[in-house]
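For reference, the chains in residue letters:
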Amino acid sequence: SHRHHVLHDQEVDKRTCVPMNHLWEQQAPYTVCNSSLSEYGVLGFELGFAMASPNALVCWEAQFGDFHNTAQCIIDQFISSGQAKWVRHNGIVLLLPHGMEGMGPEHSSARPERFLQMSNDDSDAYPFSEQFEVSQLYECNWIVVNCSTPANYFHVLRRQILLPFRKPLIILTPKSLLRHPEAKSSFDEMVSGTTFQRVIPENGLAAHASHEVKRVIFCTGKVYYDLVKERKNQDLEKQVAITRLEQISPFPFDLLREELDKYPCADLVWCQEEHKNSGYYDYVKPRFRTIVNHIRPIWYVGREPAAAAATGNKNMHLVSLRRFLDTAFNLEAFEGKT
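Going by the annotation in an unreviewed UniProt entry, the name recorded for the chain is oxoglutarate dehydrogenase (succinyl-transferring), with Brachypteracias leptosomus given as the source organism. The UniProt entry for the chain carries the following text under Sequence similarities (unreviewed entry): "Belongs to the alpha-ketoglutarate dehydrogenase family." Quoted verbatim from the Subcellular location (unreviewed entry) field of the UniProt record, the comment on the chain reads "Mitochondrion".

1. Points about the layout of surface pockets
The space that makes up the second largest pocket amounts to roughly 610 Å³. For the second largest pocket, the lining is made up of 29 residues, of which Glu182, Tyr224, Tyr225, Val228 and Arg244 are closest to its centre. Of all the elements in the fold, those that place two or more residues in the lining of the second largest pocket are α6 (150–162), α8 (223–233), β9 (240–245) and α11 (314–328). Ranked by residues supplied to the lining of the second largest pocket, first place goes to α8 with eight residues.

2. A few points about the pattern of salt bridges
Across all of its chains, the model carries 13 salt bridges by this definition. Here Arg15 and Asp9 are joined by a salt bridge, their closest N and O atoms 3.2 Å apart. Classification of Arg15 as exposed rests on a relative accessible area of 52%. The partner of Lys222 in a salt bridge is Glu273, with the nearest N and O atoms 3.0 Å apart. In this pair, Lys222 is assigned in the loop between β8 (215–219) and α8 and Glu273 in strand β11 (residues 267–275), connecting sequence segments 51 residues apart. Side by side, Lys222 and Glu273 carry an identical accessibility label, which is buried. Overlapping salt bridges, with partners in common, bring together Glu133, Arg198 and Asp254 in one network.

3. With respect to the sheet that holds strand β4 (residues 93–95)
Sheet architecture is open: five strands sit in the order β3-β4-β6-β5-β10, paired in mixed fashion. Edge positions in the sheet fall to β3 (59–61) and β10 (247–249), since each has one partner strand and no second. The sheet shows a mean angle of 25° between the axes of neighbouring strands, taken without regard to direction. Bridging between β3 and β4 involves three bridges; their strand directions are parallel. Bridge pairing links Glu61 to Leu95 in β4. Seen against the sheet, α6 touches β3, β4, β5 (143–145), β6 (169–171) and β10 and runs at an angle of roughly 165° to β6.

4. Things to note about the environment of Arg159
Its place among the elements puts Arg159 in helix α6. For the pair Arg159 and Ser186, spaced 27 residues apart in sequence, the C-alpha to C-alpha distance is 19 Å.

5. With respect to the sheet that holds β8
Strands sit in the order β7-β9-β8-β11-β12 across an open sheet of five strands; the sheet is mixed. Of all strands in the sheet, those with a lone pairing partner are β7 (199–200) and β12 (298–303), marking the two edges. Judged from the five bridges that link them, β8 and β9 form a sheet pairing that is parallel. Looking at the pairing, Val216 lines up with Ala241 of β9. Across the face of the sheet, helix α9 (residues 253–262) comes into contact with β7, β8, β9 and β11 while running at roughly 160° to β8. Most of the contacts of helix α10 (residues 281–291) go to β12, to which it runs at about 165°, and overall it touches β8, β11 and β12.

6. What to know about the domain arrangement of the chain
Per the domain assignment, the segments making up the chain are domain 1 (37–177) and domain 2 (198–329). Using C-alpha coordinates to define each centre, domain 1 is positioned 23 Å away from domain 2. Counting residues at the interface gives 39 residues for domain 1, matched by 36 residues for domain 2. Of all residues in domain 1, the largest losses of buried area upon contact with domain 2 belong to Met100, Leu116 and Tyr126, amounting jointly to 21% of the total for that side. Linking domain 1 with domain 2 are two salt bridges, by the criterion used here. Measuring nitrogen to oxygen at the nearest pair gives 3.3 Å for the salt bridge that ties Asp121 to Arg287. At the junction of domain 1 with domain 2, the criterion picks out 20 residue pairs in polar contact (both at pLDDT 80 or more). Of all elements in the fold, only α4 (112–117), α5 (132–139), β5 and α6 reach the threshold of two or more residues within the side of domain 1 that touches domain 2. Among the residues forming the side of domain 1 that touches domain 2, the class breakdown is 17 nonpolar, 14 polar and eight charged.

Rules and cut-offs
Residues numbered from 1 in each chain as written. Predicted model: local features only at pLDDT ≥ 70, side-chain atom pairs only at ≥ 80, totals over all residues. Heavy atoms only, no water. UniProt positions renumbered as here; feature names shortened; annotations may be inferred. 1 Å grid on protein atoms, 1.4 Å probe; cavity = no way out; pocket = protein on both sides within 12 Å on 5 of 7 lines; lining within 4 Å. Points joined across faces, edges and corners; volume = space filled by probe spheres on them. Helix = DSSP H or I, 4+ residues; strand = E, 2+ residues; numbered from the N terminus. Salt bridge = Lys/Arg side-chain N within 4 Å of Asp/Glu carboxyl O. Buried < 20%, exposed > 50% of the residue type's maximum accessible area, 1.4 Å probe, protein only. Pairing = 2+ DSSP bridges. Axes fitted to C-alpha atoms, helices over the stretch in contact; angles between N-to-C directions. Contact = heavy atoms within 4.5 Å. Domains from an automatic or database assignment. Buried area = accessible area lost by both parts, 1.4 Å probe. Polar contact = N/O pair within 3.5 Å; in protein donor to acceptor, adjacent residues only side chain to side chain. Nonpolar A, V, L, I, M, F, W, Y, C, P; charged D, E, K, R; others polar.

So, in structure tokens, the structure goes:
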């Protein structure tokens, strides 16, 4: 787990070891610090540290993603708009544990909708260029990702420090995926020649028989593993394709255009575990519509709108999960609708 960075000797007082400082010779120094639960003060300090040390990879992690709300002033006033207001680049990384796991309204949602609403990319503009990926990153005010594999998590941190410019990076970090048996990567996915995948397309049976696919489900984060398990249980691996958005903002128009072209006759569904008035739907819907020139609808599957970020009742959490999984794989759910 990424929270177990400092090893303590149980027999010798104050004797510690940080394994990340012993990976190879001449590596950069690695420092891990516990801080007080003063998100406003600590995030402000880390922002200043990242500003003064642009070649350092500065990561600040909230205890839970929800808790960044007490640092909202730093995020709104300085991180999201710092470049636009003061022409200053900053490469700070916000690690925000996020996932609907039945843990209640204060330990579930990092409120990705807030970060996406403050993203400056245009939902109606789809500029074609050879350097589309790099130009998007250069022009955006920050980057929002939700990585579903260890390899992609590794690559997005590596990309962050190797970019020739600095942008804030918001990572909706995994929680249960730290222990999920399917959330694993081979070291072959982290060697020379491999890179961060903004989109991870369907690569199973559906991808090899695209003419038989009746529905393409787009999602991000850990809900992917719930969807894959349910698809297998319902024996729909040929009829339903599942594509993951690993980088949500700036929006990967180019790669999603390729995915949509693979399945011209399939229903398009956005599935999220968050409530409809939160999460990603309001951000991704107009962008999907731009890609398809407003000809094909993108249907919503997920939890109903709610005032709280999550329910505090575990049984209600499981019931709502079951409900939206059933809808996601009901191939007749949207027939006759426009």
